[in-house]
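If you want the building blocks of each chain, they are given just below.
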Amino acid sequence: MMRNWCATLIAFTLLFTTASLALASNGTEDLVQNRSHPDWRVRRDAVRAIADAENPELLPYLESALADADMNVRWAAVDAMVKLGRDGVPLLLKAISHADTKVAGWAVEGLGKLGADAAAAVPHLIELLQTDHPLLINAISALGAIGTDAEEALPGLALLLAGDFRTVMAAKKAISQIDPKADVVGILLEVLEGGGMEVSAKVAGALGSLGSQAQLALPVLTEMLAGQDAALREVAARTLGNMGSAAKDTAVQLIELLNDPETAVKLAAVEALGSIKADPGTAVPALAGILPEASPDLKRAALRAIKGYGTNARAAAPYVALLTGDEDLVIRRMSQEVLLAVAPGENTAELLAGIFSNQKPALRIQAARALGWVETEQDQAAAILRLALHDEFPEVKAAAALALGNLGAYAQTAVADLAAAAQDPNMHVSWAAVISLGRIAPEKVADLVETLGETHVPVLLEAVVSGDTVTSKAAAAILQEVAVDIGLVESMIQALIDGDDQMRSRAVKVLHAVG
């Protein structure tokens, strides 16, 4: 009886196994056939079933499904690879290089979903850590998800801290996932030892994103400031600025860059000096010193930096006051705001008056121009400018004469001084005086014609630019006859170089009129 039961059990088992194999064989054939079914839903379900079948022989079909015409099927293929776990990593790595960036992106994200099971993919993901790579953010996130097994990616992730906001935030998160106690500064300094200029620039930028945490790198960054590569000097300066007060001891080295031949480097140094809050006695005089001759961008940056020091930057007030007469309206307004911050309640005219004791004519010229723009101390400004009409340099006298014209009615007391200046042997001084008299006391110009004669060059110059066509043509004809003898063209060109807006405008009209 027992023997018959065992025989029956064995027979049943053999029958079940044979049936199962047959069904499996038929199922596999169906899956393979369904891959080319015209309905994408059938093809998608076939791909999903391949993952569930746990049959290694079917895995190549998942890879080929990535070329399916339907996006849903392609996505299902990547998802199926992920479901395979560690066994799906080789397929996902191939999918990373897929021509369709969506498929490649899904593959990278899939590796992240596998976490530590995708450790073998770390070297391949590191290759994607390029700032211009379309899968950069995906790769960063995947490395972070892999965790401690992605430690070798830390240097590449650290360099990405020099990127844009989104990249920096993603890199910081990934680093913390891989090693919450990672010494990022130390990692970057190690990278620096074996890298060239491009790597050095990235390291400096990355250190800047760490703020005060990068203080240990100060010696290296300070050394970069003195490097031969301008781009590296600029990045180092910006990095120090990003570090704030932690970098205040680098002020001297930053000040040296204010004389750098590259404008971008100077701009970075100026901005850094405004951020590190160095000793005002060291930083403020240096910042103030570049204001008179700086480019518009540098002027604006220096004004912002000086303003940040508040009343501790009082020493810069006279130089800031110079810019109240700048040709750039934005700079004029900025300088007025900065004066309120560094020297609240102080008299702008008095600040400018002190400049006239400076031995540099260029500063006295700027002071004269600025006095023509004061808004609350016009009478005092006029008195100072009257004295400036007697400066030893003609350029200063001409600037003072024009500034008096800008003051308009407030300069009535200077009419006699301007009439005297109109007889100055220097044509630019005389012309400037005639211009301003025409604005303050037009009737005095007629008196000058009687006193100086109709052939007096400055009078003729003003006649040329007058609105009267007949007078203008007559004056131009006279000037054409004497142009060579008096060096008229050269004088007008000089006015274009050194004059203010109104002088340059007149010079253009004169040159046009005399041909």
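Owing to the predicted nature of the structure, the values given are computational and were not obtained by experimental measurement.

J.: What exactly am I supposed to notice about the overall build of the chain here?
T.: In terms of regular secondary structure, the chain is built from 31 helices and 0 strands. At a minimum sequence separation of 6, the contacts of the chain that also span at least 24 residues come to 63%.

J.: Would you take a moment to explain the packing of aromatic side chains for this structure?
T.: Two aromatic rings are characterised by how far apart their centres lie and by the angle between their planes. The full count for this structure, using the stated rule, is 0 aromatic pairs. Over the face of the ring belonging to Tyr309 we find Lys277, whose NZ or CZ atom lies 5.9 Å from the ring centre. Here the basic side chain of Arg332 rests over the ring of Trp373, its NZ or CZ set 4.1 Å away from the ring centre.

J.: How should I be thinking about the nonpolar core in this particular structure?
T.: Considering soluble globular proteins, one finds that nonpolar side chains tend to be buried as a cluster. The biggest cluster of nonpolar side chains holds 174 residues, and the ones touching the most others in it are Leu125 and Leu157. Look past the residues within four positions of Leu125 in its chain and what remains in contact with it is Ile96, Val108, Leu111, Ala139, Ala142, Leu143 and Ile146.

J.: Looking at this model, I keep getting lost on the layout of surface pockets. Mind explaining?
T.: Any space left empty among the atoms is revealed by the rolling of a water-sized probe across them. What the largest pocket holds in volume is close to 880 Å³. Along the walls of the largest pocket sit 40 residues, with Ile365, Arg369, Asp498, Gly499 and Asp500 positioned nearest its centre. Among the secondary structure elements, those contributing two or more residues to the lining of the largest pocket are α18 (296–308), α20 (329–342), α22 (361–371), α24 (394–407), α26 (427–440), α30 (488–498) and α31 (501–514). Top element by residues in the lining of the largest pocket is α24. It accounts for 7 residues. For the lining of the largest pocket, a count of residues per class yields 18 nonpolar, 9 polar and 13 charged. Put simply, the second largest pocket is a space of about 290 Å³. For the second largest pocket, the lining is made up of 16 residues, of which Gln336, Leu339, Thr348, Thr376 and Glu377 are closest to its centre. Elements that contribute at least two residues to the lining of the second largest pocket include exactly α20 and α21 (348–353). A total of 3 residues in the lining of the second largest pocket trace back to one element, the largest contributor, which is α20. Within the lining of the second largest pocket, the residues separate by chemical class into 8 nonpolar, 5 polar and 3 charged.

J.: Even after reading the chapter, I still don't get the packing of helix α12 (residues 197–209) against helix α14 (residues 230–242), so can you show me in this structure?
T.: Geometrically, a packed helix pair is captured by the angle between its two axes and the distance between the axes. Here α12 crosses α14 at 10°, and the two axes come no closer than 8 Å. The angle between α12 and α14 falls in the class roughly parallel. The interaxial crossing formed by α12 with α14 has left-handed handedness. Residues Met197, Ser200, Ala201, Ala204, Gly205, Leu207 and Gly208 of α12 form the contact with α14, whose participating residues are Leu232, Val235, Ala236, Thr239 and Asn242. Its residues placed into classes, the contact of α12 with α14 shows 7 nonpolar, 5 polar and no charged.

J.: I keep staring at the side chain of Asn138 and nothing clicks. Help me out?
T.: Counting through the fold element by element, Asn138 comes out in helix α8 (residues 136–146). Among the polar contacts listed, one links the side chain of Asn138 to the side chain of Glu109, at a separation of 3.2 Å.

J.: I'm lost on helix α10 (residues 165–178) in this one. Help?
T.: The periodicity of an α-helix, 3.6 residues per turn, causes residues three or four places apart in sequence to face the same way. Along its 14 residues, α10 runs 20 Å from first to last C-alpha, staying within 8% of the 20 Å computed at 1.5 Å per residue. Among the residues of α10, those classed as buried are Thr167, Val168, Ala170, Ala171, Ala174, Ile175 and Ile178. End-on, the buried residues of α10 take up no more than an arc of 165°, which puts them together on one face. Those residues of α10 that are exposed and aimed more than 90 degrees away from the buried face are Phe165, Arg166 and Lys173. Looking at the buried residues of α10, the elements they touch are α8, α9 (154–159) and α11 (184–193).

J.: Before we go on, may I ask you to explain the packing of helix α13 (residues 218–225) against α14 in this structure?
T.: Running from N to C, α13 and α14 point in directions that differ by 140°, and their axes come no closer than 8 Å. The angle between the axes of α13 and α14 places the two elements in the oblique class. For the crossing formed where α13 meets α14, the hand is left-handed. For the pair formed by α13 and α14, the contact residues are Leu218, Leu221, Met224 and Leu225 on the first element and Leu232, Arg233, Ala236, Ala237, Thr239 and Leu240 on the second. Considered class by class, the residues forming the contact of α13 with α14 number 8 nonpolar, 1 polar and 1 charged.

Parameters at a glance
- Residues numbered from 1 in each chain as written.
- Predicted model: local features only at pLDDT ≥ 70, side-chain atom pairs only at ≥ 80, totals over all residues.
- Heavy atoms only, no water.
- Helix = DSSP H or I, 4+ residues; strand = E, 2+ residues; numbered from the N terminus.
- Contact = heavy atoms within 4.5 Å.
- Phe/Tyr/Trp six-rings, centres within 6.5 Å; stacked < 30°, edge-to-face > 60°.
- Lys NZ or Arg CZ within 6 Å of the ring centre and 35° of its normal.
- Core = buried A, V, L, I, M, F, W, Y, C linked by side-chain atoms within 4.5 Å.
- Buried < 20%, exposed > 50% of the residue type's maximum accessible area, 1.4 Å probe, protein only.
- 1 Å grid on protein atoms, 1.4 Å probe; cavity = no way out; pocket = protein on both sides within 12 Å on 5 of 7 lines; lining within 4 Å.
- Points joined across faces, edges and corners; volume = space filled by probe spheres on them.
- Nonpolar A, V, L, I, M, F, W, Y, C, P; charged D, E, K, R; others polar.
- Axes fitted to C-alpha atoms, helices over the stretch in contact; angles between N-to-C directions.
- Parallel < 35°, antiparallel > 145°, perpendicular 65-115°, else oblique.
- Left-handed = near helix turned anticlockwise from the far one by under 90°.
- Polar contact = N/O pair within 3.5 Å; in protein donor to acceptor, adjacent residues only side chain to side chain.
- Expected span 1.5 Å × (residues − 1).
- Arc of directions from axis to C-beta.

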